[in-house]
Amino acid sequence: MSTTATYKYPKLFKLESGKKLRHVEIAYQTYGKLNANKDNVIWACHALTANADVLDWWDGLFGNSALFNPNEHFIVCANILGSNYGTTNPLSINSVTGQPYYLSFPEFTIRDLAGLHQLLANHLGINSIKVLIGGSLGGQQALEWSIAKTINVENLILVATNAVHSPWGIAFNESQRLAISTDRTFYANQPDGGLKGLKAARSIALLSYRTYEAYAATQLESVNDKTGNYRASSYQNYQGEKLCKRFNAYSYWYLSKAMDSHNVGRGKKSIVAALAEVEANTLVIGIDNDILFPISEQKFLAEHITDAQFSSINCAYGHDGFLIETDKLTNIIGNFLKESSDKKIIKLHQTA
Ligand SMILES: CC(=O)SCCNC(=O)CCNC(=O)[C@H](O)C(C)(C)COP(=O)(O)OP(=O)(O)OC[C@H]1O[C@@H](n2cnc3c(N)ncnc32)[C@H](O)[C@@H]1OP(=O)(O)O
Ligand SMILES: N[C@@H](CCO)C(=O)O
């Protein structure tokens, strides 16, 4: 059973900045049924440009016969604030002006994304999450939500993510925003504003999601006499255009800023102290060819989250491997969850 719905939060939602959003709407999908004990929730947090349909974009890890399946689990995935797949975003109507927000949309942080997940969990009557999982920007949300401890998270799975967004990651995002800002239609406040800039931004981003080896494997020329019309050029153009058909420059702009804001140590004693607040059984998975969220970042997470396990995946694809290597993820996560449930049974026997 799959449900697509939108939750309209009836009150004002206060952002970390202190600004308030009214009439926040959260588009979400659920699959399967919440059991009587309400202890079968799998909550997936999506990355930069995905949507609430986790069975589609994380097919293989999620699916009818996958590790996370709707027969056993109640799977929840919410479209994040700022994204154009149904949740309130810069193209939504600002009820005060009666016009879309565009660039008057307030900036928000990863903590705000986690805050919206909590609103939805309250609405769905969920007090406990069996597995909270996210990759990349999705992992940043899952981590902040676990640190906030507004809900019980039994198992936390962080894939290709970090505790604080790096100078390198911010520089990539800033370069993408520079590309968008050179497109003057961006400032015209129209739904297709900045699309040429967005195309260039996606082309830049892809360089950080893939690797030298991935391009060599898929875009190498088969002839030596070319002096133009290269496959790699066509690939960059195609990928930029593909994103423009399903996304908008305003959402991209704001979401990339939210990613830059990620720092679990903000307002805390330190980043390390913030990580020590995580109480969930944690598994951190890195991709060893990831140049955007290098594996040192996942090792750091695992080192500072109490009793966290660390595992790595070899994937020539690089960062986006977290969306592709679903067999490897299934294997690593399946073993981790089995161990975690065995430990729980032993603990129960010891306390009985
Ligand atoms: C409504 C929605 O669609 S939202 C959900 C979809 N998006 C998401 O979930 C976001 C996360 N997903 C992603 O980032 C990506 O889909 C990934 C990483 C999982 C895979 O990336 P892909 O772009 O599918 O794969 P890859 O990088 O190998 O590129 C393949 C595409 O490039 C095209 N391509 C490959 N080489 C070239 C070239 N030289 N010139 C032009 N096109 C090329 C292929 O024909 C293929 O096109 P298609 O996507 O139309 O089938
Ligand atoms: N390729 C991913 C971003 C990488 O984290 C997306 O478009 O959502």
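Residues numbered from 1 in each chain as written. Chains lettered and ligands numbered in written order. Predicted model: local features only at pLDDT ≥ 70, side-chain atom pairs only at ≥ 80, totals over all residues. Heavy atoms only, no water.

## Digging into the overall build of the chain
Helix and strand counts for the chain come out as twelve helices and twelve strands. Taking 352 residues into account, the globule formula puts the C-alpha radius of gyration at 20 Å, and the chain, at 20 Å, falls close to it. Along the first, second and third principal axes, the C-alpha atoms of the chain reach 75 × 55 × 45 Å. Out of the 352 residues in the chain, the part that is buried amounts to 53%. Excluding contacts between residues fewer than 6 apart, the proportion of contacts in the chain whose partners are at least 24 apart in sequence is 74%. Only carbon and sulfur atoms are counted for the fraction: they give 52% of the accessible area of the chain, which is about 15900 Å². (Helix = DSSP H or I, 4+ residues; strand = E, 2+ residues; numbered from the N terminus. Rg over C-alpha atoms; globule rule 2.2 N^0.38 Å. Buried < 20%, exposed > 50% of the residue type's maximum accessible area, 1.4 Å probe, protein only. Contact = heavy atoms within 4.5 Å. Areas by Shrake-Rupley, 256 points an atom, 1.4 Å probe, with all protein chains shown as cover.)

## Topic: the environment of C77
Within the secondary structure, C77 is located in strand β6 (residues 74-78). Residues C77 and F293 lie 216 residues apart in sequence; the distance between their C-alpha atoms is 23 Å. For C77, the residues in contact, after removing those within four places along its chain, are Y28, Q29, A44, H46, N51, A52, V54 and W57.

## A word on the UniProt feature "domain: AB hydrolase-1" (unreviewed entry) in the chain
The sites that UniProt annotates as "domain: AB hydrolase-1" (unreviewed entry) are residues 45-321. Secondary structure within residues 45-321 divides into 40% helix and 14% strand; the distance between the first and last C-alpha atoms comes to 16 Å. (UniProt positions renumbered as here; feature names shortened; annotations may be inferred.)

## As for the domain arrangement of the chain
Considered domain by domain, the chain is made up of domain 1 (2-165 + 264-351) and domain 2 (169-259). Its C-alpha centre places domain 1 at a distance of 25 Å from the equivalent point of domain 2. Taken residue by residue, the interface counts 31 residues in domain 1 and 31 residues in domain 2. Ionic pairing is found between D320 and R210, a salt bridge with its closest N-O pair at 2.5 Å. Counting every contact that joins domain 1 to domain 2 gives eleven residue pairs in polar contact (both at pLDDT 80 or more). Residues belonging to the side of domain 1 that touches domain 2 are distributed by class as follows: 17 nonpolar, twelve polar and two charged. (Domains from an automatic or database assignment. Salt bridge = Lys/Arg side-chain N within 4 Å of Asp/Glu carboxyl O. Polar contact = N/O pair within 3.5 Å; in protein donor to acceptor, adjacent residues only side chain to side chain. Nonpolar A, V, L, I, M, F, W, Y, C, P; charged D, E, K, R; others polar.)

## Some remarks on the site of ligand 2
Every residue close to ligand 2 is listed here: A47, L48, T49, A50, S136, R202, Y209, H319, D320, F322 and L323. The separation between an oxygen atom of ligand 2 and a polar main-chain atom of L48 is 3.4 Å. Take T49: an N or O atom from its side chain is 2.6 Å from an oxygen atom of ligand 2. Burial of ligand 2 by the protein chains amounts to 94% of its free accessible area of 260 Å². Those elements giving two or more residues to the shell around ligand 2 turn out to be α5 (195-209) and α11 (321-324). Looking at the shell around ligand 2 residue by residue, the classes come out as six nonpolar, three polar and two charged. (Near = heavy atom within 4 Å.)

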